[in-house]
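Each chain, written out:
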Amino acid sequence: TNYAYIFECLGNLTQKKMHGRLAEGILFMADTMFKSDSFDCIMTRQEIGEFTNMTKESVVRILNKFHSEEILKVNNTQIEILDKKRLQQIMISG
């Protein structure tokens, strides 16, 4: 039901670690909003932080980490998922 989905989403935002929340947000954008693993993110880092219940600084730090670990390719507003399986594992474990 819709209530179950809403409670799951709220639980994810409050229970997951930051890496898992950001991974879930990126996967949501890729799969649901843009329907592509490579997209021009229309959200600022601040807005991504608000979307995932994080500070802008944490979003920037974790995006840089995902980039350096070759999970994502991040170039300004362009985000490309390079290793979707690892990103999904981070989302699940986070």
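First, a word on scope: everything that follows refers to the structure included in this document. (Residues numbered from 1 in each chain as written. Predicted model: local features only at pLDDT ≥ 70, side-chain atom pairs only at ≥ 80, totals over all residues. Heavy atoms only, no water.)

1. Side note on helix 3 (residues 45-52)
Since the α-helix advances by 3.6 residues per turn, residues separated by three or four positions end up pointing in the same direction. Quick reminder of the rule: Throughout, exposure labels follow a simple rule: accessible area from a 1.4 Å probe, protein chains only, divided by the maximum for the residue type, with under 20% read as buried, over 50% as exposed, and the rest as partly exposed. Helix numbering and strand numbering both begin at the N terminus, where a helix is a DSSP run of H or I of at least 4 residues and a strand a DSSP run of E of at least 2. Within this analysis, the arc is defined by the directions that extend from the helix axis to the C-beta atoms.
Turning to helix 3, its buried residues are Arg45, Ile48, Gly49 and Thr52. Along the long axis of helix 3, the arc covered by the buried residues comes to 105 degrees, so they all point the same way. Where helix 3 terminates, the next one or two residues include Asn53, which has phi positive at roughly 60 degrees.

2. Some points on helix 2 (residues 18-33)
Inclusion rule: Take the number of residues in a helix, subtract one, and multiply by 1.5 Å to get its expected span.
Under the 1.5 Å per step criterion, the end-to-end length of helix 2 is 21 Å for 16 residues, consistent within 8% with the ideal 22 Å. Inspection of helix 2 places Gly20, Arg21, Leu22, Ala23, Gly25, Ile26, Leu27, Met29 and Ala30 among the buried residues, and these make up the whole buried set.

3. Here's the deal with the nonpolar core
Selection criterion: Take the buried Ala, Val, Leu, Ile, Met, Phe, Trp, Tyr and Cys residues and link them wherever side-chain atoms come within 4.5 Å; each set so joined is a nonpolar core. Two residues form a contact once any of their heavy atoms are found within 4.5 Å.
Ranked by size, the top nonpolar core spans 22 residues in total, and within it Leu22, Ile26, Phe66, Leu72 and Leu87 carry the most contacts. Of all the secondary-structure elements, those providing two or more residues to this core are helix 2, helix 4 (56-68), strand 2 (72-75), strand 3 (78-81) and helix 5 (84-93). A total of 6 residues in this core trace back to one element, the largest contributor, which is helix 2. When sequence neighbours within four positions are dropped, the list of residues in contact with Leu22 reads Ile48, Thr52, Met54, Val59, Ile62, Leu63 and Phe66.

4. Digging into the pattern of salt bridges
To keep things clear, this is the line we draw: Put simply, a salt bridge is a Lys or Arg side-chain nitrogen that is within 4 Å of an Asp or Glu carboxyl oxygen.
Scanning the model with the defined rule gives 4 salt bridges in all. Here the residues in one salt-bridge network are Asp31, Asp37 and Lys84, joined through shared partners.

5. Here we look at the environment of Met29
Topologically, Met29 is positioned in helix 2. Its relative accessible area of 1% is what places Met29 among the buried residues. Taking the C-alpha atoms as reference points, Met29 and Cys41, 12 residues apart in sequence, are found 8.2 Å from one another. Setting aside its immediate chain neighbours within four residues, Met29 contacts Phe34, Lys35, Phe39, Cys41 and Met43.

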